[in-house]
Amino acid sequence: DAKTTQPNSMESNEEEPVHLPCNHSTISGTDYIHWYRQLPSQGPEYVIHGLTSNVNNRMASLAIAEDRKSSTLILHRATLRDAAVYYCILRDVRDDKIIFGKGTRLHILP
Amino acid sequence: EPEVTQTPSHQVTQMGQEVILRCVPISNHLYFYWYRQILGQKVEFLVSFYNNEISEKSEIFDDQFSVERPDGSNFTLKIRSTKLEDSAMYFCASKRGLANTGELFFGEGSRLTVL
């Protein structure tokens, strides 16, 4: 599986936007960029995914660099409930599983 | 909202005992998965299952592990003879259809403690 690099941890203040970076310099043309998160004591939860264009949904936005070698997950207004481990995952279009890395632990300060 | 449900939420067992973890995937989903997470470590893929057979398994999923979908609704993970290192959180997941970009829906997990 292609590798992603994320900071181990980040902090943000409540009600402010959060930008979670991910580097994936070895991404291939058939890799989709997926983001999942894992709230404390819960199973992972899908957040968003994209291929080339930026994507928005009710949870977050995904900004993908033009060369696709990096992406940023944007939480527009963080709440305490957004404190979680966020995983940036490359998933080949031919692969029906996802493989988790270590992710970024996001701390939200009240 | 439909969800993946797992039972038991916590099981304590003696080393060498057999354990069955149960999952009820979302009803119209076709792909099923088991993952595990040892305390403080990352979530690890164990096995994927489609059309009543294993489609892929990891190195962790050795002969001590088996999966089945006995009645069209439950999806079970059996560990034949548990070892101390099998202590972990086990997550079941399901996916609706063929599109490999489709999201996986995870249950809340079953915590297995092997003594």
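Look above for the structure.
Residues numbered from 1 in each chain as written. Chains lettered and ligands numbered in written order. Predicted model: local features only at pLDDT ≥ 70, side-chain atom pairs only at ≥ 80, totals over all residues. Heavy atoms only, no water.

> Looking at this structure, how should I read the environment of Thr7 of chain B?
Residue and element names in this part refer to chain B. Counting through the fold element by element, Thr7 comes out in strand β1 (residues 5-7). With relative accessibility at 47%, the residue Thr7 sits in the partly exposed group. Taking the C-alpha atoms as reference, Thr7 lies 22 Å from Glu103; in sequence the two are 96 residues apart. Residues within four places of Thr7 in sequence aside, it is in contact with Leu21, Arg22 and Ser110. (Helix = DSSP H or I, 4+ residues; strand = E, 2+ residues; numbered from the N terminus. Buried < 20%, exposed > 50% of the residue type's maximum accessible area, 1.4 Å probe, protein only. Contact = heavy atoms within 4.5 Å.)

> What am I meant to see in the interface of chain B and chain A here?
Many authors give the size of an interface as the accessible area that is lost as the parts come together. Each partner contributes residues to the interface: chain B has 20 residues there, and chain A has 21 residues. Overall, the association of chain B and chain A removes approximately 1,700 Å² of surface from exposure, summing both partners, and the carbon and sulfur fraction of that is 53%. Across the chain B-chain A interface, the total number found is 1 salt bridge. The interface formed by chain B and chain A holds 6 residue pairs in polar contact (both at pLDDT 80 or more) in total. Only β4 (31-37), β5 (44-50), β6 (53-57) and β9 (88-95) of chain B provide two or more residues apiece to the side of chain B that touches chain A. (Buried area = accessible area lost by both parts, 1.4 Å probe. Salt bridge = Lys/Arg side-chain N within 4 Å of Asp/Glu carboxyl O. Polar contact = N/O pair within 3.5 Å; in protein donor to acceptor, adjacent residues only side chain to side chain.)

> Just checking my understanding: could you explain the side chain of Ser48 of chain B for this structure?
Here Ser48 of chain B is to be found in strand β5. Overall, Ser48 of chain B belongs to the buried group, its relative accessible area being 1%. Polar side-chain contacts of Ser48 of chain B include one of 2.8 Å to the side chain of Ser55 of chain B. With residues near it in sequence (within four places) discarded, Ser48 of chain B still touches Asp96 of chain A together with Phe32, Tyr33, Glu53, Ile54, Ser55 and Glu56 of chain B.

> Just to check I follow, could you spell out the state of the cysteines for this structure?
Each disulfide consists of a covalent bond between the sulfur atoms of two cysteine residues. Residues and elements named next belong to chain A. Within this structure, the stated rule accounts for 2 disulfides over all chains. The disulfide partner of Cys22 is Cys88, and the gap between their sulfur atoms is 2.1 Å. Every disulfide takes its handedness from the sign of the S-S torsion; for Cys22 and Cys88 that torsion is -85°, giving left-handed. In this pair, Cys22 is assigned in strand β2 (residues 18-23) and Cys88 in strand β8 (residues 84-92), connecting sequence segments 66 residues apart. Summarising the burial analysis for this pair, Cys22 and Cys88 share the class buried. (Disulfide = S-S within 2.5 Å.)

Note that all results are geometric; they support no functional claim without further evidence.
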